2 protein chains.
Amino acid sequence: MTAVYADPIAFRQACRNQQWTEQTSQIAPGYVQANLVIVPKAYAYDFLVYCQRNPKPCPVLEVLDVGNPISQYLAKGADIRTDLPQYCIYEKGQLVAEPYDLLGDWRDDFVSFLIGCSFSFENALTKVGINLPHLTHNTHPAVYQSLWKTTPAGPFYGPMAVSMRPIYQEQVKQAIAITARYYRNHGAPIHIGHAAEIIKDISQPEYGGYYQIQPGQVPVFWACGVTPQLAALQAKLPLMITHKVARMFVSDWQDKDFLDIN
Amino acid sequence: MTAVYADPIAFRQACRNQQWTEQTSQIAPGYVQANLVIVPKAYAYDFLVYCQRNPKPCPVLEVLDVGNPISQYLAKGADIRTDLPQYCIYEKGQLVAEPYDLLGDWRDDFVSFLIGCSFSFENALTKVGINLPHLTHNTHPAVYQSLWKTTPAGPFYGPMAVSMRPIYQEQVKQAIAITARYYRNHGAPIHIGHAAEIIKDISQPEYGGYYQIQPGQVPVFWACGVTPQLAALQAKLPLMITHKVARMFVSDWQDKDFLDIN
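Residues numbered from 1 in each chain as written. Chains lettered and ligands numbered in written order. Predicted model: local features only at pLDDT ≥ 70, side-chain atom pairs only at ≥ 80, totals over all residues. Heavy atoms only, no water.

> Which parts of the structure should I look at to understand the interface of chain A and chain B?
By convention, interface size is frequently given as the accessible area that disappears when the constituent parts associate. Across the boundary between the two partners, chain A contributes 25 residues, which contact 25 residues of chain B. Summed over both partners, the interface of chain A with chain B buries about 2,000 Å², with 57% contributed by carbon and sulfur atoms. On the chain A side of the contact with chain B, Y45, Q52 and Y183 of chain A bury the most area, a combined 32% of that side's loss. For the pair chain A and chain B, the number of links is 2 salt bridges. The salt bridge partner of R53 of chain A is D65 of chain B, with a shortest N-O separation of 2.8 Å. On the surface where chain A and chain B come into contact, there are 8 residue pairs in polar contact (both at pLDDT 80 or more). Those elements giving two or more residues to the side of chain A that touches chain B turn out to be α2 (41-53), β2 (60-63), β5 (110-116) and α5 (172-180) of chain A. Looking at the side of chain A that touches chain B, its residues break down into 16 nonpolar, 2 polar and 7 charged. (Contact = heavy atoms within 4.5 Å. Buried area = accessible area lost by both parts, 1.4 Å probe. Salt bridge = Lys/Arg side-chain N within 4 Å of Asp/Glu carboxyl O. Polar contact = N/O pair within 3.5 Å; in protein donor to acceptor, adjacent residues only side chain to side chain. Helix = DSSP H or I, 4+ residues; strand = E, 2+ residues; numbered from the N terminus. Nonpolar A, V, L, I, M, F, W, Y, C, P; charged D, E, K, R; others polar.)

Written out as structure tokens, the structure reads:
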């Protein structure tokens, strides 16, 4: 990693100042990160039901009040419009802009959803010695549109997105046991080993870099918070805003606060 | 127990025929049970956000489509209007009827929410030898309105409801470890030992019987799915329907299907 922030407040300040506009895997180790989806209120109910019906890829951590861009729960006082590295604005499912803040785009009918992210458990994995290849390449895990379908709700439907991490065979059990406890950040893997059963081509991730599976490693797949973006894109909403992929919202909560035991 | 159904389908049939109208703790051991809340569509978004903001007491397991009384997920084909033992109808927060079915009361704008229930992990506790006093008295655990407040959403607010089970000191760790894994059915306890910190009077539960804490036992409190009922009552909705307390929806899913590892 080229940069690490010990403090999520300092990290969000760097975003606000546009000093950090890159991806956030292990940017503030041990802090819970979240995906952002913003939709007009007219679509918020169906979107929330979609998330409820697909809890593995879409664990909702916070729903902000209609029109309010300020987080109350994940990071009290953080401004959704400025405190992420970069955003994507979509109109009818087409990318129209990738701004560094949303100050000029905000509307009173916007509802913001913060959704769990597997970056949140990466520190727990590395702490027990599970090496994650993307970290040594200063990027984020490979993310694929899987062959698996989600359960629709209203206009929302589409494939489940998955993140993949190559794990050494003898560490797979440990990776499962650890991540299972982070159920609000996708929890246990949804598939282990046979890539062809869940994705089309392991060498062609939709996002992130692919690192060759090494001898002794197996590909391990987790449900991914890009899923609700895919669904909202397929629904071709008149307007929808998300974080730019892998450029997450970094919360004030630590991973230990989100264990199953809490 | 006076009656046990090995099969949830047979149990729901008994409800439909009004052959079973009583409480359901351990009625179909090992099957996941759920609380029912029905509200008009106009209140469904705020109610779902309320549940999202209070995931310990209000883990939503299924949201039925607007106007549709048939479950798709927890028990495919089950009819919400007939397949529970008994219901409560509230107008502006006042109980107006306790019917055995909802066939005459159904409306096209009704949205049904099925919410996790701690009865779902009772079989896992008894299987390791943790004795639950209410079972030997053929009733359900004591349920209290706690002193703790929930996080509001729209018109919904109020105290958290809790269920209490007296557990022998040497079994408390095991009870915590087991229930933590059922995070979609309230998960780990929210309080152990000092009743006065969480409820007013341990001898006066709002629902269910109180069984004297025996020497060597401590009271253990779990978040309870009566919470959203309390919130909806405080909101004084024009109309709201729930199951009658402790008379739950029994699903086709087994407790093992709802573990954190899934």
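Back to the write-up after that little detour.
> Looking at this structure, how should I read the relation of the copies chain A and chain B?
Both copies of the chain are related by one operation, a rotation about an axis with a shift along it. Superposition of chain A onto chain B requires a rotation of 180 degrees combined with a translation of 0.0 Å along the rotation axis, giving an RMSD of 0.0 Å. Both chain copies can therefore be described as sitting about a two-fold axis. For chain A, the smallest separation between a C-alpha atom and the rotation axis is recorded for Y45 of chain A, amounting to 2.7 Å. The overlap is high: 100% of the interface residues of chain A also sit at the interface in chain B, so the same surface is used on both sides. (Least-squares fit on C-alpha atoms with pLDDT ≥ 70 in both.)

> Would you mind showing me how to read the state of the cysteines here?
A covalent bond between the sulfur atoms of two cysteines is referred to as a disulfide. Taken as a whole, this structure holds 0 disulfides over all chains when the rule is applied. Left without a disulfide partner, C51 of chain A is nearest to the cysteine sulfur of C58 of chain A, which lies 4.6 Å away. C117 of chain B carries a free sulfur, and the closest cysteine sulfur to it, the one in C224 of chain B, is 7.1 Å from it. The class for C117 of chain B is buried, based on a relative accessible area of 4%. (Disulfide = S-S within 2.5 Å. Buried < 20%, exposed > 50% of the residue type's maximum accessible area, 1.4 Å probe, protein only.)

> Looking at this structure, I do not really get the pattern of salt bridges. What am I missing?
All chains considered together, the criterion is met by 20 salt bridges over all chains. A salt bridge links R81 of chain A to D79 of chain A; the nearest nitrogen and oxygen atoms lie 2.7 Å apart. Judged by its relative accessible area of 12%, D79 of chain A is buried. Where K244 of chain B meets E98 of chain B, a salt bridge forms, and the shortest distance between an N and an O atom there is 3.5 Å.

> What is the right way to read the packing of aromatic side chains from this model?
Centre distance and the angle of the planes are the two values used to describe a pair of aromatic rings. Per the stated rule, a full pass over the model turns up 21 aromatic pairs over all chains. Ring geometry for F121 of chain A against W222 of chain A: centres 5.4 Å apart, planes inclined by 45 degrees, an arrangement best described as tilted. In this pair, F121 of chain A sits in the loop between β5 and α3 (122-127) while W222 of chain A sits in strand β9 (residues 217-223), placing the two residues 101 residues apart along the sequence. Both residues of the pair, F121 of chain A and W222 of chain A, belong to the buried class. Centre to centre, the rings of F47 of chain B and F156 of chain B are 5.4 Å apart; their planes meet at 75 degrees, and the pair counts as edge-to-face. With F47 of chain B in helix α2 (residues 41-53) and F156 of chain B in the loop between β6 (142-149) and β7 (159-168), this pair connects stretches of sequence that are 109 residues apart. Accessibility assignment for this pair places F47 of chain B and F156 of chain B in one class, buried. Taken together, the aromatic side chains of F47, Y50, F113 and F156 of chain A make up a single cluster linked through ring pairs. (Phe/Tyr/Trp six-rings, centres within 6.5 Å; stacked < 30°, edge-to-face > 60°.)

> What exactly am I supposed to notice about the side chain of K56 of chain A here?
Along the polypeptide, K56 of chain A turns up in the loop between α2 and β2. One buried charged residue, K56 of chain A, forms no salt bridge at all, with the nearest opposite charge on D260 of chain B at 9.1 Å. Among all residues touching K56 of chain A, those that are not within four sequence positions of it are H186, G187, A188, I190 and A223 of chain A together with N262 of chain B. (Lys, Arg positive; Asp, Glu negative; His and termini not counted.)

> Would you mind going over the environment of K256 of chain B with me for this structure?
Residues and elements named next belong to chain B. Relative to the elements of secondary structure, K256 occurs in the segment after β11 (249-254). When its relative accessible area of 49% is taken as the criterion, K256 is described as partly exposed. Once the C-alpha coordinates of K256 and K76 are considered, the two residues, 180 residues apart in sequence, prove to be 18 Å apart.

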